[in-house]
Structures are given as C-alpha cells and as structure tokens.
Amino acid sequence: MQAFWKLTWSLGRRYAIATPSKLNANQVRLLSSTARMASSLPDLSASPEAGQHLLHEDKEYTTVKEGLAHILVPASGPAVPQATPKGENTPQSVFYNPIQQFNRDLSVLAIKAYGEELLERKQRSVERHKQKIAAKNKEKKRKREEEGLGDVSRKAGKLEGDGSPTEAKPTDDGDSVTKDAEPLPVGSEPNAPSITSTAAPDVFTAKTDADSSKHEDIPESPPSKFTFTILDALSATGLRALRYAQEIPFTTSVTANDLLPEATKTIEMNIKHNRLEDKIKAVTSNAMAHMYSLIGQDCRDEKGRPQPSLKYNVIDLDPYGTAAPFLDAAVQAVRDDGGLLCVTCTDAGVWASNGYPEKAYSLYGGTTIKGPHSHEGGLRLILNAIATSAARYGMAMEPLLSLSIDFYARVFVRIHKSPADVKFLAGKTMVVYNCDSGCGAWTTQTVGKNKLVEGKKGGYHWKHVYGQGPSASENCKHCGSRTHIAGPMYAGPIHDPEFIKRILDGLPEVSKDTYQTTSRIEGMLTLALEECIFIEEDPNSPTSTSKTGKWDPAALDPAPFHFIPSVLSKVIHCVTPIENSIRGALRGLGYLVTRSHTKPGSIKTNAPWDVIWEIMREWTRQKEPVKEGKLREKTPGYAIMGMGKPKDLEQNDGSATAATEEKIKVVFDEKLGAEKDKKKLVRYQLNPRENWGPMARAKGHA
C-alpha cells in the first residue's frame, strides 16, 4: 500500500508539470484518479498510526512510530534514511536517525528513574514536615496543660479585672482562634527540585484526621504546585520531546527548541499530530541564547529554601557533533538543586581518536589518550568539561551514568549548588602518563590532592593541597619507551550504582514493543553496574556516602581504564591468554576484576601494572612460551621479558619487576575467572544494519 501511494503521488507530480497538450486521454484519467486519491488522504487531525499517509499543506507525509510518539516524514523519500557505502545519505530537511533509538529509549528510562527518585524524596520531605509540625503542636499543648491553660491560647491576651484570662472567641467549628508564625515551606530538603505529578497527586496531598487536627496550633502548609520541566535544546523533528511528554507521566512541560524555522515548523506539525499542544512548546531560537536567558532564576531564596524558578529540571543536549559549546549555558539553565543534564557527543573521531589532540583540547579542555582505552578516556574528558563548566559558578557535577555507545557518548549527570563540593574538583582531575608507543601501561596523577587530616580534638576533615611532582618518569618503567601526557580528565567514578539499579529494576515492567532496545539496555547497564565494584569508602572520610547518604565528592576511581589481553600478547609475541585464565589469576591474587562496557574482550582491574605484566610473563613460562627469535632487541617486549640482563643482575637488581616476581604466585584458574551469565545478556551490540552511522547533517538555514 505504501508503494502504491508513492507511485500515484509521483505520477501526479510528474503529470502536473507536463504540458496539457501532450497528455492523452489515458494520462488525463490517471491524473484525475491520482488527484482524487490524494485529496482523500486524512489530515493532521487523524489519530496517529504507524505507516499511515497524511496530507498537510498540499504535501504528503508518512508516519513513523518510535516509542509512543509518531513523527511525519516526507513521503517522497524513504521513511528510514539509508547511507551508501560511500557515505552518501538521502537528503533530509530535518535530521532523523533511527539508529539512535537506543539513545532515546535509554534517555526516557533514565529521566523517568531520576524523576521517580525526586518524587519519593519529595514525599519523604512532606512526611518529615508533617511530623515536625505535629511534634511542635504536641509540645505546645503539653506546656499549656502544665501551666493550667488547657486549650486556651496564650495569645488570647486580654485579662479580666481579677487578672484571669478571657476565653478566646470560638470559630465556626469550635476551635480557638490562634495565630502562630508562618511555617517553613514544604520540601526544604537540600538537592530536592520541585516536581509535579498530575498523575499521582494523592502521593503529596497532606491530610490529617479531623479529630487530631482540631486543636493544632500550627496549620499544615497547603500542597505546593509541583512542576517537572524538560528542555530538548536541539530538537530537530521533536521526537525526543514527543517521547518525553508521552512516556514520562509526571512531565508537566516540555520545550522543544531548534535554530531552524523549518525544523520548528516540523515540530509544531508533529505536536499537533500527536495531540500534545498542552504539554509541548516549540521555540525557534539559538539554544545557547535560550538557556542563557534563564540566568538569575534562582532555585532557592536567601534562606536556602526552594522557590519557583523557570530553570529546567532536565536539559537534554543531543547535537550533531560536539556538545561542548552548549555546556556553559546548560549548567546555568538547569536547576542547581539537583537538576539532570543529559549530554550526547557524536564526535568520537575527536574525543576518542589519536589524530586530533589539539581539537580535543580546544573542545573538552584535555588531550585524548591513545590506545584501546581511548573511549574510556573520552568519557572522562567530556565529564571534566562539564565539571569545570559548572565549577565556575560554584556548582558540583555528580555523574550518574556515562556510556560510550556505537559512534557517540551519552552521559547523565546531576548538577547541584555546593561551593564546598567544588573544592574537591582539583583532586579529582588527573593527567595520565601513557606508554602508547610501547607496552600500553599508564600512570595517573591528580592535579591537586584531597588530603584527609585528623583534627586536634579527634575526627577527620579534608584539606585541599597541591599535587606532588610527576608520578612517572619520562620513560616507561616497564619497557623503557617514552610516555605521552593525556588529559586533564575526570578521575572520579563515572557511574552511580544506585541510579543504574533503579533503571534496571524498572526494565521488566516496560513494554518491549514500545522500548525495542531493552535487551541491549539491560546488557550495557549491567556492564556499567559491574564497573562500580571498584568504588571504595574510607571509614574516616566525613563525606562518605554511608555517613552522609549523598554522593561522595572526594571519591576516586582506582581502575579508570581497562586493558585487553590480546593487545598485551602482541607486545611480547605470545599466544593470547584465555580471558578466564587472566581473570582467575588476578582474582587468585586478591584483586577485583570485571569488564568494560566500551570494548569486548576488555579487563578492568585494580591490580597495578607490575602485577599485570608479571601475570603475562608467567603465562609464557607456564602455558605458551615465546618462540625463539620472535623478540628483537630494543623492543618493548624484549624489555618486558627481561632479556639481555645477566641472570644474577636480573634476580638482585632490586627493581619492581624482580620484587613482584618474588612476592606473587600466579595460578591460572579458569573456573575462578569464569563470568556467570545465566540471562545471556546482550553486552556488546553488533552492527544494527549495513552502512549505518551518524549520517549526514540536515540541510537548512537559520
């Protein structure tokens, strides 16, 4: 049916342009029939359905469904744009890439999990406020009874001639007239943005029994109006805005912004077709100008209490290329009491490549790291760019989820106002000395240092001091090759395990028809959750999560990057070890081991490189010896294997390698290293289709 409509539409256009004198009778009849069929197509008022054809302003459109949203694409082109092997794309007036459905599915679920957490926090805040008021009223009642005043208010004030207090004037319901100080507004908890839920108002309606509230002196605060607003800053077709409005029940307002008038016109058409005029507003504006216009909309008053603000609860940045130009405006336009910032960067050729260190520095404030762990380094460059942008305004960044996906990066971070937390940033920013031309080892060093100091009266506190000199020499201590500097980049944990668990816990309840990428989401988030096993807490730290119940601004990631056994095998020219053997050897020595979500066959561990290379040497001794003549002099592998040294010097030179060899006993226990995967998760995605990728930029003029 779809092909038939396209054929008749193209015929109609072709014959309409033709000269009337050249048309024969058959062509005239066909043209008339085509015109009648085109005029019979439904308009935007029709209920949206996948694959339907509509006529709007004399143009025919095909409906494409994703999630619960429907967007209209011109019927003259393919509904799903394809790229040729040469990289040529079907021209698009407004950009739409179906490959990023995983990104959009994940974003909906992440924002929903974030919002549900805020709703629960708001509910707890309301309950605490009710308990606080009840406790105050109970204490006042007790004092009045002790003074023999009973239910008579102390503010009745007037005395009879004999000095006894007069009775207060009764109200209609028999209560005494009282007047106390105005209570604090509901929800004055730190980092608790205001939220609305028209779908679940019963959660927040504070009601008390009539009997218990008759003699309360302090009235309860009326339920405040909650809002949950989202900005889709670079909206294109408006698909993200449509999905957020349709699929997140507590969303009250979505702003879909785009620079191109053609895009905004398409967004308005899609909004009307989805019947979401009451929830989504289309705006034609420069994204940075729109976000900068919200500066000065404080989320808290001078006493630190929440107040209404035009700033957004969630801002989604999904540009074509880098998001770096928008970060400064975004951190100032999102709510600074825990707002969510969702950032996509599709320029992996910059932040994860080896060819453009100068471009990476100009965009993200640091140079890239060369090697198989380049995507992990790229994520940390992006996080560092966000953290430094926020720190200029006294705001701290809390990473919730950071993923390298296909050709782009997607990070979810929470922004909150805290000059005290910002002080930890220098101690959580690192440079990396990377042996990229030799054995692949690395050494990290933080720019500053967060030092835990014991107080004179007991207890510990943090002191922020200068970082020490270089933690590595000019040449790699393992192979002697020259090292290169990467960074500065973020050195803290890049995921929040509780946030990931919340998303995973909700996956069984979502529709597989609506969220068609749930299997991949579950696999990738499980990998990200496994990366959190390295997070450790210092029992003396006053900022640890176990003590504060919040994010620890001082936490560092002891395993920032991964290594790949096959890459190490190439250095020493040996047969690649089985992954289970390497994991078993590391676990047998007491180290933590997991995989990285960025690369198949990767291993993340908190073991030092001395131990990793000793395990590889032991592999060649126990399992797969290096063939004679494979290693040449002055190569990294030659130095790693300790060739060319006299045996007595090799045993007594006091080097780290010799000391490591004496201390550890390596056992390649495959059973210990086996990863249990009962669910058979899709941890690493195969190419979804031929010639897929970021596609070409949409054509248009502002």
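In case you missed it, the structure is sitting above this.
Residues numbered from 1 in each chain as written. Predicted model: local features only at pLDDT ≥ 70, side-chain atom pairs only at ≥ 80, totals over all residues. Heavy atoms only, no water.

**Describing the environment of Tyr 591**
Logical step 1: Considering the arrangement of structural elements, one finds Tyr 591 in the loop between helix 17 (579–588) and strand 16 (593–594).
Logical step 2: Distance from Tyr 591 to Asn 606, taken between C-alpha atoms, is 6.2 Å for residues 15 residues apart in sequence.
Logical step 3: Leave out the neighbours within four places in its chain, and Tyr 591 touches Leu 586, Thr 605, Asn 606, Ala 607, Pro 608 and Val 611. (Helix = DSSP H or I, 4+ residues; strand = E, 2+ residues; numbered from the N terminus. Contact = heavy atoms within 4.5 Å.)

**Observations regarding the pattern of salt bridges**
Between side chains of opposite charge, pairing is possible as soon as their charged atoms come close.
Logical step 1: The full count for this structure, using the stated rule, is 30 salt bridges.
Logical step 2: The closest approach of N and O atoms between Glu 398 and Arg 414, which form a salt bridge, is 3.2 Å. On the criterion of sequence distance, the pair formed by Glu 398 in strand 9 (residues 395–405) and Arg 414 in strand 10 (residues 408–417) is long-range, its members being 16 residues apart.
Logical step 3: Using a relative accessible area of 8% as the deciding quantity, one classes Glu 398 as buried.
Logical step 4: Arg 587 is the partner of Glu 675 in a salt bridge, and the nearest nitrogen-oxygen pair spans 2.9 Å. Residue Glu 675 is found in the segment after helix 22 (670–673), and its partner Arg 587 is found in helix 17; the two are separated by 88 residues along the sequence.
Logical step 5: A relative accessible area of 24% means that Arg 587 is categorised as partly exposed. (Salt bridge = Lys/Arg side-chain N within 4 Å of Asp/Glu carboxyl O. Buried < 20%, exposed > 50% of the residue type's maximum accessible area, 1.4 Å probe, protein only.)

**Brief notes about helix 3 (residues 101–146)**
Logical step 1: Taking 1.5 Å per residue as the helical rise, helix 3 with its 46 residues ought to reach 68 Å, and the 68 Å between its terminal C-alpha atoms agrees with that figure.
Logical step 2: One or two residues past the end of helix 3 sits Gly 148, with phi positive at roughly 80 degrees. (Expected span 1.5 Å × (residues − 1).)

**Details of the nonpolar core**
Logical step 1: By size, the foremost hydrophobic cluster in this structure holds 83 residues, and its most contacted members are Met 291, Ile 315, Ile 386, Ile 415 and Trp 613.
Logical step 2: The element that contributes the greatest number of residues to this core is helix 11 (residues 374–391), accounting for 9 residues.
Logical step 3: Other than its neighbours up to four places away in sequence, Ile 315 contacts Leu 231, Met 291, Ala 330, Ala 333, Val 334, Leu 340, Leu 341 and Cys 342.
Logical step 4: Membership of the second largest hydrophobic core comes to 52 residues, among which are Tyr 244, Val 254, Ile 405 and Cys 532. (Core = buried A, V, L, I, M, F, W, Y, C linked by side-chain atoms within 4.5 Å.)

Purely geometric numbers; function is a separate question.
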